[in-house]
Amino acid sequence: MADTLKEILLDSSRRPTVVTDLEGLVDAEVSDKGGVSGAVVKTGFAAVKKIKPGIIPAAVNTLLDDFAGALEPFYGDFKAKGGNDFGAYLTSRSDEASDALLTVTDSRADSSSRDSIKKVYSKLRPNGKKNVEEALPRLGQLIDKHAAAV
């Protein structure tokens, strides 16, 4: 098993597969959303994908380095404790882990020169923490899968 998330997720020979898997994770998380807010997310997500095909994998690829950096302290602690299920570990620290990931997207949105991106992000952000927390088990499982392949 690799020692760092950089070794697991960012290696140029594995990165395309990691991005594809993360795109699948995003699709699954959106698909699982229910209720009125879920319908809004699903509609917006479908519209964005239709208007700009390829935007999800491009965004994942762009953010991957920063996400790996944000999660690195969690992965280091997980490894030091001899953990075997990173999804369960992230879930046990969901408040901190989701904040670390959202710091990345908050920073990107704040630094964007496109008002449309800032506007959409500001509408989605209030539910962002809940959505990220819900995705942590799948994210951890995905990382475990790629760590086992290293």
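Residues numbered from 1 in each chain as written. Predicted model: local features only at pLDDT ≥ 70, side-chain atom pairs only at ≥ 80, totals over all residues. Heavy atoms only, no water.

**Digging into the overall build of the chain**
The helix and strand tally for the chain stands at eight helices and zero strands. Counting only C-alpha atoms, the chain reaches 40 × 30 × 30 Å along its principal axes. Counting all 150 residues of the chain, 33% fall into the buried class. At a minimum sequence separation of 6, the contacts of the chain that also span at least 24 residues come to 73%. Summing over all exposed atoms, the chain offers an accessible surface of approximately 8500 Å²; the carbon and sulfur share of this is 58%. Averaging the positions of the 21 positive and the 22 negative side-chain charges in the chain gives two centres separated by 7 Å. (Helix = DSSP H or I, 4+ residues; strand = E, 2+ residues; numbered from the N terminus. Buried < 20%, exposed > 50% of the residue type's maximum accessible area, 1.4 Å probe, protein only. Contact = heavy atoms within 4.5 Å. Areas by Shrake-Rupley, 256 points an atom, 1.4 Å probe, with all protein chains shown as cover. Lys, Arg positive; Asp, Glu negative; His and termini not counted. Charge placed at Lys NZ, Arg CZ, Asp CG, Glu CD.)

**What about the pattern of salt bridges?**
All chains considered together, the criterion is met by 15 salt bridges. Residue aspartate 11 pairs with arginine 14 through a salt bridge whose shortest N-O separation is 3.9 Å. When the shortest N-O distance is used, the salt bridge between aspartate 66 and arginine 108 registers 2.8 Å. Pair noted here: aspartate 66 is in helix α4 (residues 55-80) and arginine 108 is in helix α6 (residues 94-111), with a separation of 42 residues, a long-range link. You can call arginine 108 partly exposed: its relative accessible area is 33%. One network of salt bridges, in which partners are shared, links Asp77, Lys81, Arg93 and Glu96. (Salt bridge = Lys/Arg side-chain N within 4 Å of Asp/Glu carboxyl O.)

**A short note on the environment of serine 92**
Tracing the backbone through its elements, the reader meets serine 92 in helix α5 (residues 86-92). Once the C-alpha coordinates of serine 92 and leucine 136 are considered, the two residues, 44 residues apart in sequence, prove to be 9.7 Å apart.

**Quick word on helix α2 (residues 15-32)**
Taking 1.5 Å of rise per residue, 18 residues should cover 26 Å, and α2 covers 26 Å from first to last C-alpha, within 8% of that figure. Those residues of α2 hidden inside the fold are in contact with α1 (5-9), α3 (35-51), α4 and α8 (128-149). (Expected span 1.5 Å × (residues − 1).)

**Quick word on the packing of aromatic side chains**
The tally for this structure, following the rule as stated, stands at five aromatic pairs. Ring geometry for tyrosine 75 versus phenylalanine 78: centroids 5.7 Å apart, planes at 40 degrees, classification tilted. In this pair, tyrosine 75 and phenylalanine 78 both sit in helix α4, three residues apart, roughly one turn of the helix. Ring geometry for phenylalanine 78 versus tyrosine 89: centroids 5.7 Å apart, planes at 55 degrees, classification tilted. Separated by eleven residues along the polypeptide, phenylalanine 78 in helix α4 and tyrosine 89 in helix α5 bring together distant segments of the chain. The pair formed by phenylalanine 78 and tyrosine 89 is uniform in burial state, with each residue classed as buried. Every member of this aromatic cluster is reached through a ring pair, and the members are Tyr75, Phe78, Phe86 and Tyr89. (Phe/Tyr/Trp six-rings, centres within 6.5 Å; stacked < 30°, edge-to-face > 60°.)

Just distances and angles here, no functional claims.
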